[in-house]
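Observations on the model geometry
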Number of protein chains: 2
Amino acid sequence: MDRRQKKTREAIFAAFTSLLAEKSYHQISVQEIIDAADIGRTTFYAHFETKDYLLKDLCEELFGHIIDTAMGLPSGHYHCTCGSAEDSVFLHLLRHLQENDRNILELLSSENNELFLSYFKSNLKKLIVSQYAEKGMLKENGLPEDYLVNHISATFVETVSWWLSRNRKESPEEMTEYFLTLMHPIIGE
Amino acid sequence: MDRRQKKTREAIFAAFTSLLAEKSYHQISVQEIIDAADIGRTTFYAHFETKDYLLKDLCEELFGHIIDTAMGLPSGHYHCTCGSAEDSVFLHLLRHLQENDRNILELLSSENNELFLSYFKSNLKKLIVSQYAEKGMLKENGLPEDYLVNHISATFVETVSWWLSRNRKESPEEMTEYFLTLMHPIIGE
DNA sequence: AATAAAACCGAACAATATGTTTTGTAACAA
DNA sequence: TTGTTACAAAACATATTGTTCGGTTTTATT
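Conventions and cut-offs
Residues numbered from 1 in each chain as written. Chains lettered and ligands numbered in written order. Predicted model: local features only at pLDDT ≥ 70, side-chain atom pairs only at ≥ 80, totals over all residues. Heavy atoms only, no water. Near = heavy atom within 4 Å. Polar contact = N/O pair within 3.5 Å; in protein donor to acceptor, adjacent residues only side chain to side chain. Helix = DSSP H or I, 4+ residues; strand = E, 2+ residues; numbered from the N terminus. Nonpolar A, V, L, I, M, F, W, Y, C, P; charged D, E, K, R; others polar. Phe/Tyr/Trp six-rings, centres within 6.5 Å; stacked < 30°, edge-to-face > 60°. Buried < 20%, exposed > 50% of the residue type's maximum accessible area, 1.4 Å probe, protein only. Lys NZ or Arg CZ within 6 Å of the ring centre and 35° of its normal. Contact = heavy atoms within 4.5 Å. Domains from an automatic or database assignment. Buried area = accessible area lost by both parts, 1.4 Å probe. Salt bridge = Lys/Arg side-chain N within 4 Å of Asp/Glu carboxyl O. Least-squares fit on C-alpha atoms with pLDDT ≥ 70 in both.

With that out of the way, let us pick up the protein's contact with DNA strand C. Neighbouring residues of DNA strand C: 20 residues in total, closest Thr-8, Gly-40, Thr-42 and Thr-43 of chain A together with Tyr-45 of chain B. At 2.9 Å from a phosphate oxygen of DNA strand C is found a side-chain nitrogen or oxygen belonging to Tyr-45 of chain B. For the surface near DNA strand C, the secondary structure elements donating two or more residues are helix 1 (3–22) and helix 3 (41–47) of chain A together with helix 1 (3–22), helix 2 (30–37) and helix 3 (41–47) of chain B. Broken down by element, the surface near DNA strand C gets its largest block of residues, four residues, from helix 3 of chain A. Tallied by class, residues from the surface near DNA strand C come to three nonpolar, nine polar and eight charged.

Pasting the structure below:
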């Protein structure tokens, strides 16, 4: 890939995330992104068709990366290590989030965070399917599988959101315990 | 209230919901609402400061009404009637939703429904607090109360959303069973 | 080092949306 | 009937969007 393209793309992403830290997505105009990134108007539209596609690409990068690193992990949960949640995928995700790579926490805890949370959730579903559903680690209780997958993803996203809204007072280990308590009737070996 | 005001307000709401049935919130311009409602530009701004406030007022009316009718109900759940979920507040909500008053289902199942779902959720929280939390109907398991309230609300909204995305193939009774299965470790007497 | 391809810039453009102002008319409540 | 209020129509400044054009700089390749 051309060095210029990469540089421009990064500049747009940087400007965009910077703006997202101070105002909500819909309040940001393309013009502002252009000014903040210090690029030409034509250049922006050469890279991204619309503002929505820019958001999509950014989220794909951010959440795709996090989910990918968790994909290879063992999907064990707290039962495996006698009460602790040490090797849970969810604990890994929380720890990874806490590193605040690329200011991802700013986005997830911003005022109008529904957009980011929904991207997070849709990426998370893939992980749940491959790590739990396809490995038969969901308890048999008569509920449709996609309903369960959706519920697990949604609940984890809500857990993260709640955690952030309280400024991460709890440790990732504690939050994993919270989450797994709620998941108790569903996830098991 | 002046007859004219009421009429105009209703016309705007009707035009707005009609437009929301065919395109997403952010794709709708104030101009379109004005044209569809067949009113003057000035009139719109006399009623609503911005498009966001219009949305807020509409949701307040729609969800406020549904939540209010459920407020007075007994908060019993399936244990009370020997296995059935007959007198659950949640069953009542699902039945009420199914009547599709004011095309509320169109909104909740539209393409970009995060906005409506989040309004639904925030109204639902009040109900959960008054019907469950304040009556001590949440099981003691070491989790913070507001975390539980948020989880119950979020899960119910997700359940409704999943139900609608599958064109309501399941009955309200069945969906209540699904939901209460997930809530089993949390809600109890 | 020379060259062709590309990415970029700046300016301008039409089209559309926003929110306000003004002036006049019609409907309402008392 | 009378004073008040809601509405309409038109115009307005301002801002944003997405595109087009000509020209410049950087890049990869030979």
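Here the narrative resumes.
Aromatic ring pairs are reported here in terms of the distance separating the ring centres and the angle at which the planes meet. Across all of its chains, the model carries 26 aromatic pairs over all chains by this definition. Taking 5.3 Å as the distance between ring centres and 85° as the angle between the ring planes, the aromatic pair formed by Phe-44 of chain A and Tyr-45 of chain A counts as edge-to-face. Judged by its relative accessible area of 0%, Phe-44 of chain A is buried. Note on Tyr-45 of chain A: relative accessible area 41%, which makes it partly exposed. Residues Tyr-147 of chain A and Tyr-178 of chain B carry aromatic rings whose centres are separated by 5.5 Å and whose planes lie at 45° to one another, so their mutual orientation is tilted. Here Tyr-178 of chain B lies in helix 9 (residues 172–183) and Tyr-147 of chain A lies in helix 8 (residues 145–165), a pairing that spans two chains. Classification of Tyr-147 of chain A as buried rests on a relative accessible area of 2%. By relative accessible area, Tyr-178 of chain B is classed as buried at 10%. Linked through ring pairs, Phe-63, Phe-90, Phe-120, Tyr-132, Phe-156 and Phe-179 of chain A together constitute an aromatic cluster. One cation-aromatic arrangement involves Lys-51 of chain A over Tyr-25 of chain A; the distance from NZ or CZ to the ring centre is 4.5 Å.

Given 3.6 residues to a turn, an α-helix orients residues that are three or four positions apart in the same direction. For helix 7 (residues 114–133) of chain A, the complete set of buried residues consists of Phe-116, Leu-117, Tyr-119, Phe-120, Lys-121, Asn-123, Leu-124, Leu-127, Ile-128, Gln-131, Tyr-132 and Ala-133 of chain A. In this structure, the buried side of helix 7 of chain A is in contact with helix 1, helix 4 (51–71), helix 5 (89–98), helix 6 (104–108) and helix 8 of chain A together with helix 8 (145–165) of chain B.

What follows covers the protein's contact with DNA strand D. Within the structure, DNA strand D sits among 19 residues, and Arg-4 of chain A together with Gln-5, Thr-8, Gly-40 and Thr-43 of chain B are positioned closest to it. Within 4 Å of the protein, the contacting atoms of DNA strand D are drawn from sugar and phosphate to the extent of 57%. Taking Arg-41 of chain A, its side chain carries an N or O atom lying 3.0 Å from a base nitrogen of DNA strand D. One of the side-chain nitrogen or oxygen atoms of Thr-43 of chain B is found 2.7 Å away from a phosphate oxygen of DNA strand D. Mapped onto the surface near DNA strand D, the elements with two or more residues apiece are helix 1, helix 2 (30–37) and helix 3 of chain A together with helix 1 and helix 3 of chain B. Across the surface near DNA strand D, the residue classes break down as three nonpolar, nine polar and seven charged.

A separate point is the domain arrangement of chain A. For interface size, the figure often reported is the accessible area lost on association. Residues and elements named next belong to chain A. When the domains of chain A are assigned, the result is domain 1 (1–48) and domain 2 (51–183). Relative to domain 2, the C-alpha centre of domain 1 lies at a distance of 28 Å. At the junction of the two partners, domain 1 supplies 15 residues and domain 2 supplies 14 residues. Buried area between domain 1 and domain 2, both sides added, is near 1,400 Å², and the carbon and sulfur share of it is 70%. For the pair domain 1 and domain 2, the number of links is three salt bridges. One salt bridge connects Asp-57 with Arg-9, and the closest N-O pair in it is separated by 3.8 Å. The tally of links between domain 1 and domain 2 comes to three residue pairs in polar contact (both at pLDDT 80 or more). Elements with a minimum of two residues in the side of domain 1 that touches domain 2: helix 1 and helix 2.

Okay, the side chain of Glu-170 of chain A next. Residues and elements named next belong to chain A. The topology assignment puts Glu-170 in the loop between helix 8 and helix 9 (172–183). Here Arg-166 takes part through its side chain, which lies 3.1 Å from a polar atom of the side chain of Glu-170. Discounting chain neighbours no more than four positions away, the residues touching Glu-170 are Trp-162, Trp-163, Met-175 and Tyr-178.

Attention now goes to the pattern of salt bridges. Residue and element names in this part refer to chain B. The full count for this structure, using the stated rule, is 20 salt bridges over all chains. Taking the shortest distance from any N to any O, the salt bridge between Glu-61 and Arg-9 comes out at 3.7 Å. Placement of Glu-61 in helix 4 (residues 51–71) and of Arg-9 in helix 1 is noted, with a sequence separation of 52 residues between them. Given the relative accessible area of 30%, Glu-61 is considered partly exposed. Ionic pairing is found between Glu-173 and Arg-95, a salt bridge with its closest N-O pair at 2.5 Å. Linking Glu-173 in helix 9 with Arg-95 in helix 5 (residues 89–98), this pair joins segments that are 78 residues apart in sequence. Given a relative accessible area of 32%, Glu-173 falls into the partly exposed group. Looking at Arg-95, the relative accessible area reads 35%, which means it is partly exposed.

The two copies are related by a screw operation: chain B maps onto chain A through 180° of rotation and 0.0 Å of translation along the axis, at an RMSD of 0.1 Å. Here the two chains are linked by the operation of a two-fold rotation axis.

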